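Now for the letters of each chain:
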Amino acid sequence: MTRPPKPPARPRKVSLRRYAKLFRQDVLSAQPDHLYRAWMAEFRTPFFRSYMCNDPALVDLVLKERPDDFPKSDRIREGLAPLLGNSVFVTNGETWKRQRRIIDPAFEGGRLKDTFPAMLAAGQAAVDRLRARADGAPVEIEEETSAAAADVIFRTLFSIPIEHAVAREVFAAFKAHQRAQPVLNLGVLLPLPRWVPRFHRRETKRTARKIRALITQITAARMAEIEAGSAPDDLATKIMTTADPLTGETFDTAEMVDQVAIFFLAGHETSASALAWALYLLALYPDWQARVAEEAAREIGDGAIAFSTLKRLRVARDVFRETLRLYPPVPMMVREAAQCEHFRGRAVKPGSQVVLSPWHQQRHERIWERPDEFDPGRFETENGRQGLRSAYMPFSAGPRVCTGAGFAMAEGPLLLALLVRAFRFELVAGRPAMPVAHLTVRGKDGIWLRLTPRG
Ligand code: HEM
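Rules behind the numbers
Numbers given to residues run from 1 along each chain, matching the order in which its sequence is written. Given that the model is predicted, a residue must reach a pLDDT of at least 70 before its local features are reported, and side-chain atom pairs must reach 80 or more before they are shown or counted; all residues, however, enter totals for whole chains, interfaces and linings. Values shown for side chains rest on all heavy atoms present in the structure; no hydrogens or waters enter the calculation. Helical segments are the DSSP runs of H or I of at least four residues, strand segments are the runs of E of at least two, and each set is numbered from the N terminus. Here's how the labels work: a residue is buried when its accessible area is under 20% of the maximum for its type, exposed when over 50%, partly exposed in between, all with a 1.4 Å probe on protein chains only. Working rule for contacts: check all heavy atoms of both residues, and any pair within 4.5 Å makes them a contact. Computed with the Shrake-Rupley method and a 1.4 Å probe, the accessible areas treat only the protein chains shown as cover for residues. Residues scored as charged are limited to Lys and Arg (positive) and Asp and Glu (negative), so that His and the chain ends carry no count. Charge positions come from single atoms, namely NZ of Lys, CZ of Arg, CG of Asp or CD of Glu. By nonpolar core we mean a set of buried residues, namely Ala, Val, Leu, Ile, Met, Phe, Trp, Tyr and Cys, connected to one another through side-chain atoms within 4.5 Å. Any residue with a heavy atom positioned within 4 Å of a molecule or strand is treated as near that molecule or strand. As used in this structure description, the phrase polar contact means that two N or O atoms lie within 3.5 Å; if the pair is within protein, one of them must be able to donate a hydrogen and the other to accept it, and residues adjacent in sequence are counted only when both atoms belong to side chains. Gly falls in the polar group here, along with every residue not listed as nonpolar (Ala, Val, Leu, Ile, Met, Phe, Trp, Tyr, Cys, Pro) or charged (Asp, Glu, Lys, Arg). Aromatic pairs are defined between Phe, Tyr and Trp rings, using the six-membered ring for Trp, whenever the two ring centres lie within 6.5 Å; interplanar angles under 30 degrees are classed as stacked, those over 60 as edge-to-face, and all others as tilted. When DSSP finds at least two bridges between two strands, those strands are taken to pair. Whenever Lys or Arg places a side-chain nitrogen within 4 Å of a carboxyl oxygen from Asp or Glu, that contact is recorded as a salt bridge. To get an axis, a line is fitted to the C-alpha atoms, and for a helix only the part in contact is used. The angle between two axes follows their N-to-C directions and goes from 0 to 180 degrees. Excluding water, the donors of a metal are its N, O and S neighbours within 2.8 Å, or within 3.2 Å for Na, K and Ca, and that exclusion means sites may look incomplete. Throughout this description, any angle smaller than 35 degrees is read as roughly parallel, any larger than 145 degrees as roughly antiparallel, any in the 65 to 115 degree range as roughly perpendicular, and the remainder as oblique.

(A) Representation of the overall build of the protein within the structure. In terms of helices and strands, the protein carries 16 helices and 11 strands. Based on the C-alpha atoms only, the size of the protein along its principal axes is roughly 60 × 60 × 40 Å. Evaluated residue by residue, the protein yields a buried proportion of 57% over its 455 residues. Counting contacts in the protein only where the partners sit at least 6 residues apart, residues at least 24 apart contribute 75% of the total. Roughly 19200 Å² of accessible area belongs to the protein as shown, and the carbon and sulfur atoms make up 53% of that amount. Distance between charge centroids for the protein: 6 Å, based on 67 positive and 53 negative side chains.

(B) Examining the nonpolar core more closely. Formed by 111 residues in total, the largest nonpolar core has its most connected members in Ile141, Phe154, Ile239, Leu414, Phe423, Phe425 and Leu451. The element that contributes the greatest number of residues to this core is helix 11 (residues 253-284), accounting for 18 residues. Ignoring sequence-local partners within four residues, the contact set of Ile141 consists of Ala276, Leu279, Phe425, Ile447, Leu449 and Leu451. Core analysis: the second largest hydrophobic core is formed by 17 residues, Met40, Phe343, Val354 and Leu356 among them.

(C) Local environment of the site of the ligand. The environment of the ligand is made up of 24 residues, and the closest members are Trp96, Arg100, Arg335, Arg400 and Cys402. A distance of 2.7 Å separates an oxygen atom of the ligand from a polar side-chain atom of Arg400. For the shell around the ligand, the secondary structure elements donating two or more residues are helix 4 (93-107), helix 11, strand 4 (333-336) and helix 16 (405-422). Take the shell around the ligand: its biggest share by element is 4 residues, from helix 11. Its residues assigned to classes, the shell around the ligand comprises 14 nonpolar, 6 polar and 4 charged.

(D) Representation of the packing of aromatic side chains in the model. This model, assessed by the stated rule, comprises 12 aromatic pairs. Plain terms: the ring middles of Phe107 and Phe407 are 6.1 Å apart, the flat faces sit at 65° to each other, and that makes the pair edge-to-face. You can see Phe107 sitting in helix 4 and its partner Phe407 sitting in helix 16, a full 300 residues away along the chain. Pair check on accessibility: Phe107 and Phe407 agree, each one buried.

(E) Summary view of the pairing of strand 7 (residues 353-356). Neither face of strand 7 is left uncovered, since the one carrying Gln353 and Val355 and the one carrying Val354 and Leu356 both have all their residues buried. Pairing of strand 2 (residues 49-53) with strand 7, which is carried by 4 bridges, proceeds in the parallel orientation. Residue pairing for strand 7: Ser50 is matched across the bridge by Gln353. With 4 bridges joining them, strand 4 and strand 7 adopt antiparallel strand pairing. Across the sheet, the residue bridging to Val334 is Val355, located in strand 7.

(F) Here's a closer look at the pattern of salt bridges. Counted under the stated rule, the structure contains 40 salt bridges. For Arg321, the salt bridge is made with Asp318, and the minimal N-O distance between the two is 3.7 Å. Of this pair, Arg321 and Asp318 are both found in helix 13 (residues 314-326), 3 residues apart, which corresponds to roughly one turn of the helix. Judged by its relative accessible area of 8%, Asp318 falls in the buried class. A salt bridge links Asp372 to Arg363; the shortest N-O distance between them is 3.1 Å. Each of the two residues, Asp372 as well as Arg363, counts as buried.

(G) Broad picture of the sheet that holds strand 3 (residues 138-140). As summarised here, the arrangement of the 3 strands in space is 3-11-8, forming an open sheet in which the pairing is antiparallel. Each end of this open sheet is capped by a strand with a single partner; those strands are strand 3 and strand 8 (423-427). Here the strands of the sheet are splayed against their neighbours by 45° on average, with no regard to which way each runs. Here strand 3 pairs with strand 11 (residues 448-453) via 3 bridges, running antiparallel. When the sheet's bridge partners are listed, Glu140 is paired in strand 11 with Trp448. Against the sheet, helix 6 (residues 141-158) touches strand 3, strand 8 and strand 11, its axis set at about 50° to strand 3.

(H) Region of the structure containing the coordination of the iron atom of the ligand. Within the protein, just one atom coordinates the iron atom of the ligand: Cys402 (SG), at a distance of 2.3 Å. Locating Cys402 in the fold gives a position in the loop between helix 15 (382-390) and helix 16.

(I) Broad picture of the packing of helix 3 (residues 74-84) against helix 9 (residues 202-228). At a minimum axis distance of 8 Å, the contact between helix 3 and helix 9 shows a crossing angle of 50°. With respect to each other, helix 3 and helix 9 are oriented oblique. For the pair formed by helix 3 and helix 9, the contact residues are Pro82, Leu83 and Leu84 on the first element and Ala208, Ile211 and Arg212 on the second. Looking at the contact of helix 3 with helix 9 residue by residue, the class counts come to 5 nonpolar, no polar and 1 charged.

Right, here's the structure in full:
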């Protein structure tokens, strides 16, 4: 029976040195098999203790009930500082709350309707770009989905396509930055003792400076347009003109630059990963691909799609949802216990790491029936619905949930439907994909597919 690829687990007992080595290669295959059955696991090292929580009640406690007691650690901020500065992704406490009050209105359900035409235009542009490659030759599809997702962000945020000179440069600089330092690096997840100095490689700092200079250029230009009353009505304008209801403050250019950096990073890597895996799964399961294609042909027709069409793309949505279950783009999240806690009868010291793993929870053997199988139909079953409620968190949960969750759940099924309506996707013999966790869950040697036009 066909099974979606899953990384091999490591043996239960390994030395810290070997663990660190495995971890550096790939966070996923550094984990032992029993985590797919455990409600909680404790990792002890000479420097720190870490608790992976799979128990839905514990996850709720950390993310929903008492999130202020489990902040993001300073280490995460240090790791990401050259690129992200003081962005909403890394701040805590009052600064984070103020930033969310300003950002959230731009991503509310009602605003999605205004964002939709730009999203659709990016999807149609992706189909046009891929036409030239739909000759049956192998295509590394992550690269294509990455360009498509970046295009979505540029168009929705700043009303510019990826072909725009600055957008092209930002996209290229991000690629170079990731080559210089995968953002989810060892230091970010594995706490080193405080006395170990933290260096960012010169190349990392250089690429981060370049990205920030480019983003500053478009953000400052937008600020000038807003002041002149000539700014387009897109996400950047909305965010930059929204005042915090409590303090009346708006973002200045510098603080907006930090936010644009995270929107771009969090918003394009993640969607690109999910879309690439969704297409791979559809190549692995042609019967599901046929169903997506049939739905897309029926609902999208000649391409004149209204926002209301989105909710009728049910098969595409369930396929995208199931993809996010099996390949959550952000496989693990880390928090720090600010005070003494008791987790499932164990004392957790302040400063301990609390790891929440969508990867493990969404494949948990005591929660999901046939957890490693691809079955978008599962969400129609009681077990699937129960899993969605209690053990499904590709976008995290609680007040710190992904700001772009609704946006991504519109973008993903839409682009999937547009692409499958236009092309047939097939596997490439001898090039199976294997997931590894870099910044997001990616194919170890890329994700290869063959495309041909669909009549
Ligand atoms: C399939 C696509 C996406 C997935 C799976 C995803 C997943 C996540 C997850 C798991 C987090 C929480 C990380 C943590 O707390 O450590 C997060 C945070 C965030 N995401 Fe997304 N995301 C996606 C798309 C987007 C998009 C399209 C945007 C914006 C346009 C976005 C913006 C953000 C921001 C700003 C945060 C930080 C929120 C905060 O800390 O308050 N994401 N995302």
